[in-house]
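# Results of the structural survey
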Amino acid sequence: MEDGPKTPRSDNRDGRSHHDPLLNKKYFSKFRTIKKLGEGSFGKFYKAEYNNEYFALKFENRTKGQSLLENEATIMTYLKGPNIPLIKSFGYSGEYNILVMQLMDRSLEDIFNKRKKFSVKTTCMLGYQMVNVLQYIHDRHIIHRDIKPDNFVMGANENNAHLYLLDFGLAKKYRSSRTLVQYPLIKKKKLTGTARYASIHALEELEQSRRDDLESVGYVLMYFLRGGLPWQGLKIKSKEDRYKKILAKKKETSSEELCKGFPDEFREFVEYTRNLEYTEQPDYEMLRNKFVNLVTKKNGENFDYIYDWTTESDLKKRKDETIDLAPSTNYPVSEKKSTQKEMESVNSKKKANPVHPPVSKANNSEHVEGNNNNVNNNNNNNNNIIIDGTKENNNYGFQSKCCTIF
């Protein structure tokens, strides 16, 4: 059975419940929860209001012995930039850790469940942005480790053309930010990620790197095009049996078979990402160009961010001049340490560019089943996380200010 909705998104459904103890309460003296948006393995999501603005609150039960939300808050604060939801606050109240962030619209999984399949054009425009955001976080020494449709969401209102990546609770550093040397390739004890979209190497319990995030993107895109994946619906007796059978099916399913009936660019994407070496630098530009060329040159369509579900109302909400959907390349990646203060300074200097199509230079129960304590310990050891907490003068708990020293 798949996990339910897991995204901090806007929702038109009535999420009120007279029996929900987290609803209609104020947190950090500001954010009043007004609607439940969803619930997953690692938390609950609520829509909240403060000062006539809306936010998403993610709750994680502190009594269950897991602390992924602090890691998520720290990493997202550090990554602050294009295609990453803005973090407003993090702290705890009672038995819950609470993360306050920018409110998003529907996840790609929510949209897919209603449409059943996406067109080639829409899939290419999504794939283009997925590669963009992964390059952005990889350049900042982070891998996501749980790429799946639930964790990609569309922006709300004027940002409805933009794709965002969230749920960084399982993310971690994959290399030293000082020397840029990757951490050793070791055999892990348990899978971190979602088995349906996990890479073959991840299912083989190997340490993950940039290649694994990108291979997962290939499976997500084929899921959208095909309407499902060959390793769904297998007869499985136990969790361990599930992983083994999914791994066996993925290994026996060639890229040709997986992508049969669809443009060669998707087969080439899957082949390329499956064959990357552990420490190899992916050619992000080449991967992006495949999507651009397929839409604009082979199919003769506009790369205009008008998706299968885009309405006239969505188009009217978009700004006349919106920032380019591609992450900026102006963020320096050097061997010196980057503090949060430096990252914010760079962001404040970055100017918005007018919208333009990308240009090719070449013309569930399958969810994470790893040991949460081990995951968190590994992240803390590698990330050198420093949290500077300050107490508020109120009865609503502790509010933290995230500060990361990489």
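What you see is a predicted model; the values in this text were computed from it and never measured.

Here is what the cut-offs are and how they apply
- Residues numbered from 1 in each chain as written.
- Predicted model: local features only at pLDDT ≥ 70, side-chain atom pairs only at ≥ 80, totals over all residues.
- Heavy atoms only, no water.
- Helix = DSSP H or I, 4+ residues; strand = E, 2+ residues; numbered from the N terminus.
- Buried < 20%, exposed > 50% of the residue type's maximum accessible area, 1.4 Å probe, protein only.
- Areas by Shrake-Rupley, 256 points an atom, 1.4 Å probe, with all protein chains shown as cover.
- Salt bridge = Lys/Arg side-chain N within 4 Å of Asp/Glu carboxyl O.
- Axes fitted to C-alpha atoms, helices over the stretch in contact; angles between N-to-C directions.
- Parallel < 35°, antiparallel > 145°, perpendicular 65-115°, else oblique.
- Left-handed = near helix turned anticlockwise from the far one by under 90°.
- Contact = heavy atoms within 4.5 Å.
- Nonpolar A, V, L, I, M, F, W, Y, C, P; charged D, E, K, R; others polar.
- Core = buried A, V, L, I, M, F, W, Y, C linked by side-chain atoms within 4.5 Å.
- Pairing = 2+ DSSP bridges.
- pLDDT = per-residue confidence, 0-100.
- Phe/Tyr/Trp six-rings, centres within 6.5 Å; stacked < 30°, edge-to-face > 60°.
- Lys NZ or Arg CZ within 6 Å of the ring centre and 35° of its normal.
- Expected span 1.5 Å × (residues − 1).

What follows is about the overall build of the protein. Broken down by element type, the protein carries twelve helices and twelve strands. Per-residue burial over the protein gives 55% buried out of 406 residues. For the protein, the exposed area adds up to about 18400 Å²; of that, 45% sits on carbon and sulfur atoms.

This part is about the pattern of salt bridges. One pass over the full model with this rule turns up 15 salt bridges. Here Lys249 makes a salt bridge to Glu252, at a shortest N to O gap of 3.5 Å. With Lys249 and Glu252 both in helix H6 (residues 239–252) and three residues apart, the pair spans about one turn of that helix. By relative accessible area, Lys249 is classed as partly exposed at 23%. For Glu252, a relative accessible area of 54% puts it in the exposed group. One salt-bridge network, in which partners are shared between bridges, spans Arg267, Glu268, Glu271 and Lys290.

Two quantities define a packed helix pair, namely the angle between the helix axes and the distance between the axes. Relative orientation of the contacting elements helix H3 (residues 120–139) and helix H5 (residues 210–226) amounts to 165°, with a least axis distance of 10 Å. Considering the angle they form, H3 stands roughly antiparallel to H5. In terms of crossing hand, the pair formed by H3 and H5 is right-handed. Of the residues in H5, those in contact with Val120, Thr123, Leu126, Gly127, Met130, Leu134 and His138 of H3 are Arg210, Asp213, Leu214, Val217, Val220, Leu221, Phe224 and Leu225. Of the residues assigned to the contact of H3 with H5, the class counts are ten nonpolar, three polar and two charged.

The biggest cluster of nonpolar side chains holds 74 residues, and the ones touching the most others in it are Leu108, Leu126, Met130, Ile137, Phe168 and Phe224. If one sorts the elements of this core by residue count, H3 sits on top with ten residues. If you look at the next biggest cluster of nonpolar residues, it comprises 13 residues, including Leu23, Phe28, Tyr46 and Leu57.

Another point: the pairing of strand S6 (residues 96–102). Along S6, seven of the seven residues are buried, which leaves the element largely enclosed by surrounding structure. Two strands pair when backbone bridges link them, and strand S4 (residues 53–61) and S6 are joined in this way by seven bridges, in the antiparallel orientation. Bridge pairing in S6 links Glu60 to Asn97. Pairing between strand S5 (residues 87–93) and S6: six bridges, direction antiparallel. Pairing of Phe90 across the sheet is with Leu99, part of S6.

With that settled, the discussion passes to the confidence of the model for the protein. Overall, the prediction assigns the protein a mean pLDDT of 80, with 74% of residues at 70 or greater. Per-residue pLDDT stays below 50 along residues 359–406; that stretch engages in 132 contacts with residues further than four places along the chain or on separate chains.

Summed over all chains, the structure comprises 18 aromatic pairs. Taking 5.3 Å as the distance between ring centres and 80° as the angle between the ring planes, the aromatic pair formed by Tyr219 and Trp231 counts as edge-to-face. Taken as a pair, Tyr219 in helix H5 and Trp231 in the loop between H5 and H6 lie far apart in primary sequence, twelve residues in all. Given the relative accessible area of 2%, Trp231 is considered buried. Centre to centre, the rings of Phe303 and Tyr305 are 5.7 Å apart; their planes meet at 80°, and the pair counts as edge-to-face. Since its relative accessible area comes to 4%, Tyr305 is described here as buried. An aromatic cluster is present here, built from Phe112, Phe118, Tyr197, Tyr223, Phe224, Tyr307 and Trp309 joined pairwise through their rings. Across the ring face of Tyr92, the terminal group of Arg62 is positioned such that the distance to the ring centre comes to 4.0 Å. The lysine or arginine in question, Arg140, covers the ring of Tyr136, its NZ or CZ lying 4.0 Å from the ring centre.

Glancing now at helix H1 (residues 68–79). Taking 1.5 Å per residue as the helical rise, H1 with its twelve residues ought to reach 16 Å, and the 16 Å between its terminal C-alpha atoms agrees with that figure. Burial runs high along H1: eleven of the twelve residues are buried. Among the residues making up H1, those that are buried are Leu68, Leu69, Asn71, Glu72, Ala73, Thr74, Ile75, Met76, Thr77, Tyr78 and Leu79.

You can see Ser176 is positioned in the loop between strand S10 (172–173) and helix H4 (200–203). Leave out the neighbours within four places in its chain, and Ser176 touches Val181 and Tyr183.

Moving on: unusual backbone geometry. Residue Phe28 is not a glycine yet carries a positive backbone phi of 55°. Relative to the helices and strands, Phe28 is located in the loop between strand S1 (26–27) and strand S2 (31–40). Phi is positive for Asn51, which is not a glycine, with a value near 55°.

Among the secondary structure elements, Tyr305 is positioned in the loop between helix H9 (284–298) and helix H10 (312–317). It is 9.1 Å that separates the C-alpha atoms of Tyr305 and Lys121, two residues lying 184 residues apart in sequence.

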